[in-house]
Amino acid sequence: MKKRVYGVLGVSSIMSNWNADFSGYPKTTSGGDVYGSDKAFKYPMKKMWENQGEKVLYIKSMKLSDDKKNGMSLVPKTIDERYMQLFPDSELNSKKKDIKEVLENLFRAVDVKNFGATFAVKEINISITGAVQFGQGYNKYKDTEAQEQPILSPFRDGTKTTDEKGEAKNSTLGTKIVSDEAHYFYPFTVNPAAYKEFAELGVTEGYTEEDYKKFKNTALVAATAYATNSKEGCENEFGLFVETEEDLYLPNMSEYITFLKGDEKNTISLDCGLILNEIKDRIKKIEIYYNPLTTSIKTDIEGAEYYNIITGKEA
């Protein structure tokens, strides 16, 4: 692929929890700003690829473990076990380890091809800087509030005793924590030159146009597709893709984005036209994806193409 790509991907969270901390509340900085980690965006993409039959290495998978003391238990696989699940014909578990074969296999995993990897297994130590790099996704909606929802379980707590028979009388209570509304914007870059050295070693063809299209198509729908209990209500709502010459370097595009809540439609403003318009002769294409039914785009960028994020057709 003979270009770089800079952009921003937006996720809306309505009465849901896009990325919780260990307390269950939406992640915040020490200053109180709500944000989502890059892992929160990558995970739905990995799940979508896995469901499509792609090889995904860095994702949790389980196995049954037979403990003689405690019996059978469900535990996560180790990284080498996951690797052998994807590449059962590899020589990883033998004394004869082919580092070239391991590298070739790693690049066959779609998540490694995009996001890179740190692979330290059985005297093999490999570090791959990903062609695709995400920043943290900050919430641009200033009135976000966390909501606690009490949940009544259909079962009583058998560990508590309250009546004469030593049994609990009532069902247990739980809590679901959500954001009433939040709008996260993730900056990202795609740098195909990251794999130049590995391509010279002959273990990969490099980051291709096909790889980029696969990343782009998945990034625009994965949040919407990943509908768990806490993620139901999270949707892809915005995408900005700026394709440039290979040696053009741009700043973080999410810093130039503002979000304004409206009565009928929300407004996403992109105030980076002053930068992009000055170097438009070095920009190959600018694409903006959004939902025209819920969102208006306000920008001074010249020559951008607009698409419906749901249908993929021109908006």
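These remarks concern the structure in this document. Since this is a predicted model, take the numbers as computed values, not measurements. (Residues numbered from 1 in each chain as written. Predicted model: local features only at pLDDT ≥ 70, side-chain atom pairs only at ≥ 80, totals over all residues. Heavy atoms only, no water.)

## Brief notes about the overall build of the protein
1) Next: Check the secondary structure of the protein and you find eight helices and 16 strands.
2) Next: Dimensions of the protein, computed from C-alpha atoms along their principal axes, come out at roughly 80 × 65 × 35 Å.
3) Next: When the 315 residues of the protein are sorted by exposure, 44% land in the buried category.
4) Next: Taking the intrachain contacts of the protein between residues at least 6 apart in sequence as the baseline, contacts between residues at least 24 apart amount to 67%. (Helix = DSSP H or I, 4+ residues; strand = E, 2+ residues; numbered from the N terminus. Buried < 20%, exposed > 50% of the residue type's maximum accessible area, 1.4 Å probe, protein only. Contact = heavy atoms within 4.5 Å.)

## As for the environment of Ile309
1) Next: Relative to the helices and strands, Ile309 resides in the segment after strand 16 (305–308).
2) Next: Once the C-alpha coordinates of Ile309 and Phe215 are considered, the two residues, 94 residues apart in sequence, prove to be 15 Å apart.

## Comments concerning the layout of surface pockets
Unoccupied space between atoms shows up once a probe the size of one water molecule is rolled over them.
1) Next: Taken as a whole, the largest pocket holds about 380 Å³ of empty space.
2) Next: Considering the residues around the largest pocket, the lining is formed by 17 residues, among which Lys39, Ala40, Lys42, Tyr43 and Lys46 are closest to the centre.
3) Next: Residue contributions to the lining of the largest pocket peak at six residues, all from helix 1 (residues 38–51).
4) Next: In this structure, the second largest pocket occupies an estimated 310 Å³ of space.
5) Next: Among the elements of the structure, strand 1 (4–16), strand 10 (171–190) and strand 11 (234–244) are those that each provide at least two residues to the lining of the second largest pocket.
6) Next: It is strand 11 that provides the largest number of residues to the lining of the second largest pocket, a total of three residues.
7) Next: The class makeup of the residues in the lining of the second largest pocket is five nonpolar, ten polar and six charged. (1 Å grid on protein atoms, 1.4 Å probe; cavity = no way out; pocket = protein on both sides within 12 Å on 5 of 7 lines; lining within 4 Å. Points joined across faces, edges and corners; volume = space filled by probe spheres on them. Nonpolar A, V, L, I, M, F, W, Y, C, P; charged D, E, K, R; others polar.)

## Describing the packing of aromatic side chains
1) Next: Counting across every chain of the model gives 22 aromatic pairs.
2) Next: Centroid distance Tyr83 to Phe119: 5.3 Å. Interplanar angle 45°. Geometry classified as tilted. With Tyr83 in helix 2 (residues 79–86) and Phe119 in strand 5 (residues 116–121), this residue pair connects regions lying 36 residues apart in the sequence. Each member of the pair, Tyr83 as well as Phe119, is classed as buried.
3) Next: Here Phe185 and Phe238 contribute two aromatic rings whose centre-to-centre distance is 5.9 Å and whose plane-to-plane angle is 65°, an arrangement assigned as edge-to-face. With Phe185 in strand 10 and Phe238 in strand 11, this residue pair connects regions lying 53 residues apart in the sequence. For the residue pair Phe185 and Phe238, the accessibility class agrees, reading buried in each case.
4) Next: Put simply, the rings of Trp18, Phe41, Trp49, Phe115, Phe134, Tyr186, Phe188, Phe215, Phe241, Tyr289 and Tyr307 pair up and form one aromatic cluster. (Phe/Tyr/Trp six-rings, centres within 6.5 Å; stacked < 30°, edge-to-face > 60°.)

## Some points on the packing of helix 1 against helix 6 (residues 209–219)
1) Next: Where helix 1 contacts helix 6, the axes come no closer than 10 Å and their chain directions differ by 110°. Here helix 6 runs roughly perpendicular to helix 1, going by the angle between their axes. Only Lys214, Phe215, Thr218 and Ala219 of helix 6 make contact with helix 1, whose side of the interface consists of Phe41, Met45, Met48 and Trp49.
2) Next: Along the lines of polarity and charge, the residues of the contact of helix 1 with helix 6 split into six nonpolar, one polar and one charged. (Axes fitted to C-alpha atoms, helices over the stretch in contact; angles between N-to-C directions. Parallel < 35°, antiparallel > 145°, perpendicular 65-115°, else oblique.)

## Examining the pattern of salt bridges
1) Next: According to the stated counting rule, one finds 17 salt bridges in the structure shown.
2) Next: Ionic pairing is found between Glu243 and Lys3, a salt bridge with its closest N-O pair at 2.8 Å. Separated by 240 residues along the polypeptide, Glu243 in strand 11 and Lys3 in the segment before strand 1 bring together distant segments of the chain. Assigned by exposure class, Glu243 and Lys3 land together as buried.
3) Next: Taking the shortest distance from any N to any O, the salt bridge between Glu81 and Lys63 comes out at 2.6 Å. (Salt bridge = Lys/Arg side-chain N within 4 Å of Asp/Glu carboxyl O.)

## A short note on the nonpolar core
1) Next: With 55 residues, the main nonpolar core has Phe119, Phe134 and Phe215 as its most contacted residues.
2) Next: Per element, the largest residue contribution to this core is five residues, and it comes from strand 10.
3) Next: For Phe119, the residues in contact, after removing those within four places along its chain, are Leu57, Tyr58, Ile79, Tyr83, Leu92, Val102, Leu106, Ile124, Asn125 and Ile126.
4) Next: Counting residues in hydrophobic clusters, the runner-up holds 22 residues, among them Val8, Phe238, Phe259 and Ile283. (Core = buried A, V, L, I, M, F, W, Y, C linked by side-chain atoms within 4.5 Å.)

## Some words on the environment of Asn125
1) Next: If you trace the backbone, Asn125 turns up in strand 6 (residues 124–129).
2) Next: Exposure remark for Asn125: the relative accessible area of 65% places this residue in the exposed category.
3) Next: When the C-alpha positions of Asn125 and Pro44 are compared, they lie 27 Å apart, and in sequence the two are 81 residues distant.
4) Next: Look past the residues within four positions of Asn125 in its chain and what remains in contact with it is Phe119 and Ala120.

## Here's the deal with helix 1
1) Next: Here helix 1 spans 20 Å end to end across 14 residues, near enough to the 20 Å set by a 1.5 Å rise per residue.
2) Next: The complete set of buried residues in helix 1 reads Asp38, Ala40, Phe41, Lys42, Pro44, Met45, Lys46 and Trp49. (Expected span 1.5 Å × (residues − 1).)

## A few points about the side chain of Asn236
1) Next: With respect to the element layout, Asn236 can be found in strand 11.
2) Next: By relative accessible area, Asn236 is classed as buried at 6%.

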